[in-house]
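# Summary of structural features
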Amino acid sequence: MNPDLSQLQPYPFERLSALTRDIEPPPALTPVVLSIGEPKHATPAFITEEVITHLHGLSQYPTTRGGTALREAISAWLTRRFRLPAGSIDPDRHVLPVNGTREALFAFAQCVIDRSTSPLVMMPNPFYQIYEGAALLAGAQPWFLNTVAASGYLPDFNGVPEDVWSRCQLLYLCSPGNPTGTVQDIPGLQSLLELADRHDFVIAADECYSEIYPDETAPPPGLLQAAAAMGREDYRRCLVFHSLSKRSNAPGLRSGFVAGDSALVDQFLRYRTYHGCAMPPPTQAASIRAWQDEAHVVKNRALYREKFSAVIDILRPVHELSAPAGGFYLWLKTPVDDCEFARNLLARQNVTVLPGSYLSRTAHGINPGQDRVRMALVAPLEECIEAAQRIKSYILSL
Ligand SMILES: Cc1ncc(COP(=O)(O)O)c(C=O)c1O
């Protein structure tokens, strides 16, 4: 077997089920699960219908590059959403469809890393677990950038030693962040691009939460936008990852895209041709419609806004917290150890949350997820309100 497999850590949900295996929650309380970041709002009917209408497309092999109409719809969306210079995203050279960002974030490391030179892959800590697994299986060493209160819950690039930068080949960025919800601003993205030039690495910007944000007039900026604003219209060293899972409540569709540097897209296409992960034709057809429509995304954001406002109103008297700049998580500080908090919350209130330390590693002397839990506000409003009231009672009992 590939010896690198043994380096993979148990997934956070495996650890959570081991942590809570012996607990018998109070049967009188209906279970509320806030631990999983799976969108629960209804998939828009026009997306589902488009899949059904195009099922006859199953008679053909799709191409790895995806159809022109899909790449054009993606390029138009990106240009509109991030106000990119017209024509700077060529659907033929800068865009590739992917079957959800998870597989693409993983596969990209396998494509980019040169394992002959002791490579390093940087990532935020806590982080979406795929980044670490991708780095390890690509033969690279993960390097964790703690995202803590002192750095505004953003990765702190200032403290990275020169010899570490010199080994960095790939940096994963997650904005809005999972689990912190923090957004990297344009100047921050531009300084990162300067670092990428200076130290010769590629940035994989995971922007899969970019369409969930509180203020309709202030959408989170993206890496391509920051690059274009500094005249970097070839998007060199940049690849952004976008998904319909959260934006359009279609996690089962498995549809997203990567876009950016044409040289990276070209090599990634080459890799994917062998990897064998073309997007099925009905999925392509539904994705075209989804990227062309914004009305359902605006409605989706309104639902999250309602939930954040209700939950924060309930919890604020007992706990200091505020709505995140993006995404659908609350990254709650716990008054006791995070695992103990999660265990007892389930045992007493039948509410499941994810211990923060399961999403992070001990690095530079601390585990930045310690004494935090992640709550995904994905359930319907009434369920989120019920959960918030039970969490409030639980916190008051501590
Ligand atoms: C930060 C982050 N990136 C990527 C993904 C993968 O999403 P998908 O593969 O559905 O596009 C997730 C899913 O939870 C996520 O939280």
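Preceding block: the structure.
Residues numbered from 1 in each chain as written. Predicted model: local features only at pLDDT ≥ 70, side-chain atom pairs only at ≥ 80, totals over all residues. Heavy atoms only, no water.

### Quick look at the nonpolar core
Filter applied, for reference: Take the buried Ala, Val, Leu, Ile, Met, Phe, Trp, Tyr and Cys residues and link them wherever side-chain atoms come within 4.5 Å; each set so joined is a nonpolar core. For every residue, the accessible area obtained with a 1.4 Å probe (protein chains only) is divided by the maximum for its type, and the residue is called buried under 20%, exposed over 50%, and partly exposed between those limits.
If you look at the biggest cluster of nonpolar residues, it comprises 47 residues, and the most contacted ones within it are Leu78, Met122, Trp165, Leu171, Phe201, Ile203 and Leu224. The next biggest cluster of nonpolar side chains, apart from the first, holds 40 residues, and it includes Cys208, Ile212, Leu345 and Leu359.

### With respect to the packing of aromatic side chains
Just so we agree on the cut-off: Each pair of aromatic rings taken from Phe, Tyr and Trp, with Trp reduced to its six-membered ring, is defined by centres within 6.5 Å and is described as stacked if the planes are under 30 degrees apart, edge-to-face if over 60, and tilted in the remaining cases. Only when the NZ of Lys or the CZ of Arg is both within 6 Å of the ring centre and within 35 degrees of the ring normal is a charge said to sit over the ring.
Overall, the coordinates contain 18 aromatic pairs when judged by the stated rule. A ring pair is formed by Tyr11 and Phe13, whose centres lie 6.2 Å apart and whose planes are at 45 degrees; its orientation type is tilted. On the accessibility criterion, Tyr11 (24% relative accessible area) is partly exposed. Looking at Arg272, its charged tip hangs above the ring of Phe268, at a distance of 5.0 Å from the centre.

### Some words on the pattern of salt bridges
Here is the rule we go by: Here a salt bridge means any side-chain nitrogen of Lys or Arg lying within 4 Å of a carboxyl oxygen belonging to Asp or Glu. By the criteria applied, helices consist of DSSP H or I runs no shorter than four residues and strands consist of E runs no shorter than two, each listed in order from the N terminus.
The final tally for this structure, using the stated rule, is 15 salt bridges. A salt bridge links Glu38 to Lys40, with the shortest nitrogen-to-oxygen separation between them at 3.2 Å. Among the salt bridges present, the one from Arg237 reaches Asp200, with a minimum N-O distance of 2.9 Å. Highlighted residues: Arg237 in the loop between α8 (223-229) and β7 (238-243) and Asp200 in the loop between α7 (186-199) and β6 (202-206), separated in sequence by 37 residues. Within the structure, one salt-bridge network assembled from shared partners comprises Asp197, Asp200, Arg232 and Arg237.

### Description of the sheet that holds strand β5 (residues 168-174)
We count it as follows: Note on pairing: DSSP must find at least two bridges between two strands before they are called paired. Between N-to-C directions, angles cover 0 to 180 degrees, with each direction set by a line fitted to C-alpha atoms, over the stretch in contact for helices. Note on contacts: a residue pair qualifies if any of its non-hydrogen atoms lie within 4.5 Å across the two residues.
Taking strand neighbours across the sheet as the criterion, the 7 strands line up as β2-β8-β7-β6-β5-β3-β4 in an open arrangement whose pairing is mixed. In the strand order of this sheet, the two ends are held by β2 (95-98) and β4 (141-146), each with one partner. Across the sheet, the mean angle separating the axes of adjacent strands is 20 degrees when strand polarity is ignored. Here strand β3 (residues 120-125) runs beside β4; their pairing, made up of 6 bridges, is parallel. Its bridge partner being in β4, Met123 is matched across the sheet by Phe144. Here α7 sits on the sheet in contact with β5, β6 and β7, set at roughly 165 degrees to β5.

### Topic: the environment of Val202
For Val202, the location among the structural elements is in strand β6. With 62 residues separating them along the chain, Val202 and Leu264 place their C-alpha atoms 9.0 Å apart. Excluding anything up to four places from it in sequence, Val202 contacts Phe108, Gln169, Leu170, Leu171, Arg237 and Leu264.

### Side note on the site of the ligand
Condition: Any residue with a heavy atom lying within 4 Å of a molecule or strand is counted as near it. Within 3.5 Å is the distance limit for a polar contact, defined as a pair of N or O atoms, with the added protein rule that one can donate a hydrogen and the other accept it, and that residues adjacent in sequence qualify only through two side-chain atoms. Each accessible area is a Shrake-Rupley result for a 1.4 Å probe, and residues are judged covered by the shown protein chains and nothing else. Asp, Glu, Lys and Arg are counted as charged, while Ala, Val, Leu, Ile, Met, Phe, Trp, Tyr, Cys and Pro are counted as nonpolar; the rest, among them Gly, fall into the polar class.
The environment of the ligand is formed by 15 residues, the closest being Thr101, Asp206, Ser243, Ser245 and Arg254. A distance of 2.9 Å is found between an oxygen atom of the ligand and a backbone nitrogen or oxygen belonging to Arg102. Interatomic distance of 2.7 Å between a side-chain N/O atom of Arg254 and an oxygen atom of the ligand. Considering the ligand on its own, with 400 Å² of exposed area, one finds that the protein chains cover 92% of that surface. Looking at the shell around the ligand, the elements that each hand over two or more residues are α4 (101-112) and α9 (244-247). By residue number, the principal contributor to the shell around the ligand is α4, which donates 3 residues. Taken together, the residues of the shell around the ligand break down into 6 nonpolar, 5 polar and 4 charged.

### Structural notes on the packing of helix α3 (residues 68-81) against helix α11 (residues 281-292)
Quick reminder of the rule: What sets the label is the angle itself: under 35 degrees gives roughly parallel, over 145 gives roughly antiparallel, 65 to 115 gives roughly perpendicular, and the rest give oblique. Take the far helix as the reference: if the near one is turned anticlockwise from it by less than a right angle, the crossing is left-handed, and if turned clockwise, right-handed.
The interhelical angle for the contact between α3 and α11, taken along N-to-C directions, is 20 degrees, at an axis separation of 9 Å. Our classification of the angle between α3 and α11 gives roughly parallel. Crossing of α3 over α11 shows left-handed handedness. On α11, the residues touching Ala69, Leu70, Ala73, Ile74, Trp77 and Arg80 of α3 are Gln284, Ser287, Ile288, Trp291 and Gln292. Of the residues in the contact of α3 with α11, the class split is 7 nonpolar, 3 polar and 1 charged.

So yeah, pure geometry; function would need other evidence.
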